[in-house]
Structures are given as C-alpha cells and as structure tokens.
Amino acid sequence: MRTRLLIIILIIIVAVLVSLAISNIKTKKIDLSKEEAQEETETVNLSEILNQAVKLENQGNLLEARSLYKKLVRDLSNSPQVGKWQEKIWDLNIKLLFSPTITPGSILYEIKPGDSLVKIAKKFNTTVELIKKSNALTTDTIIAGRKLKVWTKPFSIVVDKSQNILILKSNDEVFKTYVVSTGKNNSTPVGTFKIVNKLVNPTWYKTGAVVPPESPDNILGSRWMGFNLGRYGIHGTTEPQTLGQQITQGCIRMSNSDVEELFSIMPVGAEVTIVD
C-alpha cells in the first residue's frame, strides 16, 4: 500500500514538472515571437523613416529631413548605419546654412540705409560669402528695406591630429567634419590660434621660389586661411590622394572643394584649436 502511494506521488510530481516545462517552452516561444515582431516593426519603421527623409529632402524640406535623421541617430544609436545618418545630418547642415531657410543660429535682417554686405558681415561676425550664398546673391548690391538671412552663431574649428579630421563647430554643436592631412613628424603645432588672413588662389612662397596659383606645383590649392603663427594655416591641395595622412610641412591640408566651403563660412578672427 505504501509503495503504491509513493508511486502515485512520483507520478504527480513528474506530471507537474512536465507541465511546468511545457509552460516555460510556450512562454519562451511567445517571448521570441514578441521580439521577432518588435524587430520586424523596427525594420519597417526604419525603412519608412528613411524613405520619408529622402522624400522630404527631394522636396526641399531640409529642416524636416534633418529632424528625421537626428531621430534615427538618437533612437537607433547602436545601428551600424549611424555613421551614414550622421554624415547626412552634416550634409544637410551645410545645405541649410547656404539656403534662405531661417534656422536656429540665423536671423532675418532688414537692410538699413547705408548698409553694405561688408558692414553687415562685420556686425554679425560672419562673411560676405556666406551672406551671398544664403540669399542667392550674385552681386554685392543690396537695397534698403529688403531682408537678408544672416548667420549669428560663431563658428570655430577643432583639428584632431590623431584622426586627421577637422571639426567645424557652431557654439558647442558639431556642424560638420572633414578629412584633412596634418604635419609629418608631428610638425603641426598644438594650441589655439586665430585666422588672420584669407586668400583666394594663393601664391606659394616656398624656399628659393615663388610658385604662382595656376602652377600644378602650387600645393596650396584654391584657398588659404592663415593663422596668427608664422607660416601655418589651412589650405587646399593639388594632391587630394594624400588626405587623411600626416604628410604636410605643418599646415592643415583639405580638398579644394572642402576648403572653399569652409572659406566661405569662417570669418577673419575665428578660432582654430589643434589637438594631438
């Protein structure tokens, strides 16, 4: 009798354990199904957001497109595509800067009698080139009473020698990054400097020779922005294949298209910080 009772108890225990195991398996399947459904939903949402961002950009709604890319970077920070989305944000930053769209950091300025582009640029610590680009102006002629988009937040530059990148900043915001070349043998000076002169199609005064702008041997490229430190500055290049390397005589070398873009943004007096 006692043996039979033990057997019955064992059978009940085994049945309970089997039931619990089956329940756990079902629960895991349900959880997996939920995870798979969530992943599928995220994939669909990502595709929808990307398609919408592209559509908005094609329609000229750059602010809205940029907001969607920022949302992707913020909400899907672990995605392998984050780098591409961030580059897209930087690209849209520049497009917005060079467009008439009023964004945080810019104002709509009413032209006063006696104003000139030079006076307005000096007043707001910006450049004539940027005002012209932002307002699609083809000449320096302006008319009192009309309005212009003017950028008011100061720009600055940080050059990271270890990564060979130049970071354009507006206040504390990273506005865009560029690939550059820096000095071989650590010859690019470290510190904080100011841009003191800007030249279009600069002549290269090398040791023992003067190389004119049109010469293919002029390694300065299409633009020069000199520092308040001797012969150092930021310039273009006739050797774009060397970008990303420590190869210069100490200056910061950029592609001509990049340095021309930066040249139009940075006023004389702007700050440049170089770090190891």
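Scoring rules and cut-offs
Residues numbered from 1 in each chain as written. Predicted model: local features only at pLDDT ≥ 70, side-chain atom pairs only at ≥ 80, totals over all residues. Heavy atoms only, no water. Helix = DSSP H or I, 4+ residues; strand = E, 2+ residues; numbered from the N terminus. Expected span 1.5 Å × (residues − 1). Buried < 20%, exposed > 50% of the residue type's maximum accessible area, 1.4 Å probe, protein only. Salt bridge = Lys/Arg side-chain N within 4 Å of Asp/Glu carboxyl O. pLDDT = per-residue confidence, 0-100. Contact = heavy atoms within 4.5 Å. Pairing = 2+ DSSP bridges. Axes fitted to C-alpha atoms, helices over the stretch in contact; angles between N-to-C directions.

Given a rise of 1.5 Å per residue, 16 residues ought to cover 22 Å, and the 22 Å separating the end C-alpha atoms of helix 3 (residues 82-97) matches this to within 8%. Buried within helix 3 are the following residues: Val82, Trp85, Ile89, Trp90, Leu92, Asn93, Ile94, Leu96 and Leu97.

Once that is clear, we can look at the pattern of salt bridges. Applying the stated criterion across every chain yields a total of 10 salt bridges. Here Asp91 ties to Lys95 by a salt bridge, and the two come within 3.5 Å at their closest N and O atoms. In this pair, Asp91 and Lys95 both sit in helix 3, four residues apart, roughly one turn of the helix. Judged by relative accessible area, Asp91 falls into the partly exposed class, the value being 27%. Residues participating in the shared-partner salt-bridge network are Glu57, Lys88, Asp91 and Lys95.

Of the residues in the chain, 86% reach a pLDDT of 70 or more, and the chain-wide mean stands at 89. Scored below 50 in pLDDT, residues 37-41 shows zero contacts in the model against residues more than four places distant or in partner chains.

Backbone geometry at Asn125 places phi at a positive 55°, although glycine is not the residue there. You can call Asn125 partly exposed: its relative accessible area is 47%. The phi dihedral of Asn164 falls on the positive side, at around 55°, and the residue is not glycine.

Turning our eyes to something else, we now look at the sheet that holds strand 7 (residues 191-200). Pairing is mixed in the open sheet, where eight strands are placed in the order 5-4-3-14-7-10-11-13. Looking at which strands have only one partner, the edges of the open sheet turn out to be strand 5 (173-179) and strand 13 (252-253). With five bridges connecting them, strand 3 (residues 155-160) and strand 14 (residues 271-275) associate as parallel partners. Bridge pairing links Ile157 to Val272 in strand 14. Packing of helix 3 onto the sheet brings it into contact with strand 3 and strand 5, and relative to strand 5 it is tilted by some 105°. On top of the sheet, helix 6 (residues 256-265) reaches strand 3, strand 4 (165-170), strand 5, strand 7, strand 10 (223-227) and strand 11 (233-235); it is set at about 55° to strand 10, its chief contact.

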